[in-house]
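# Per-entry structural report
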Amino acid sequence: MFGLSGKKYYLCTKSTINHTLMNIGNTIKERRALLGISQQDLADYSGVGISTVKDIERGVSNPSMETLRKVLDVVGMEMVLQVKQTVK
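Below, the structure is looked at part by part. (Residues numbered from 1 in each chain as written. Predicted model: local features only at pLDDT ≥ 70, side-chain atom pairs only at ≥ 80, totals over all residues. Heavy atoms only, no water.)

### What to know about the packing of helix 2 (residues 39-46) against helix 3 (residues 50-58)
The N-to-C vectors of helix 2 and helix 3 enclose an angle of 115°; their axes lie 8 Å apart at closest approach. At the point where helix 2 passes helix 3, the crossing takes the right-handed sense. Touching Gln39, Gln40, Leu42 and Ala43 of helix 2 are Ile50, Val53, Lys54 and Glu57, all from helix 3. (Axes fitted to C-alpha atoms, helices over the stretch in contact; angles between N-to-C directions. Helix = DSSP H or I, 4+ residues; strand = E, 2+ residues; numbered from the N terminus. Left-handed = near helix turned anticlockwise from the far one by under 90°. Contact = heavy atoms within 4.5 Å.)

### Comments concerning the side chain of Ser61
Residue placement: Ser61 occurs in the loop between helix 3 and helix 4 (65-74). With residues near it in sequence (within four places) discarded, Ser61 still touches Leu21, Asp55 and Ile56.

### Concerning empty space enclosed by the protein
For the structure shown, the criterion picks out one cavity of 30 Å³ or more. Roughly 30 Å³ of volume is contained in the largest cavity. Looking at the largest cavity, the residues that line it are Leu21, Ile24, Ile56, Gly59, Ser61, Pro63 and Leu68. (1 Å grid on protein atoms, 1.4 Å probe; cavity = no way out; pocket = protein on both sides within 12 Å on 5 of 7 lines; lining within 4 Å. Points joined across faces, edges and corners; volume = space filled by probe spheres on them.)

Structure below.
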């Protein structure tokens, strides 16, 4: 954590990022299964390589925001970024 102009900011550690990527990957996998589409279908529809789709679902990829947006768009999801509120 570090402060700037009286506000607190939190730095993400590598383990936090990896955990987040695993959660995103699992969510995409569950949504894809619910829609009844294969990983290959998801790759084809999103224009992303099949190996990238597999890596995202396993949480071993660090996709760009654009790649993630393409995949999420196909499964009917979107990214929402928000500033984390801190307690004073």
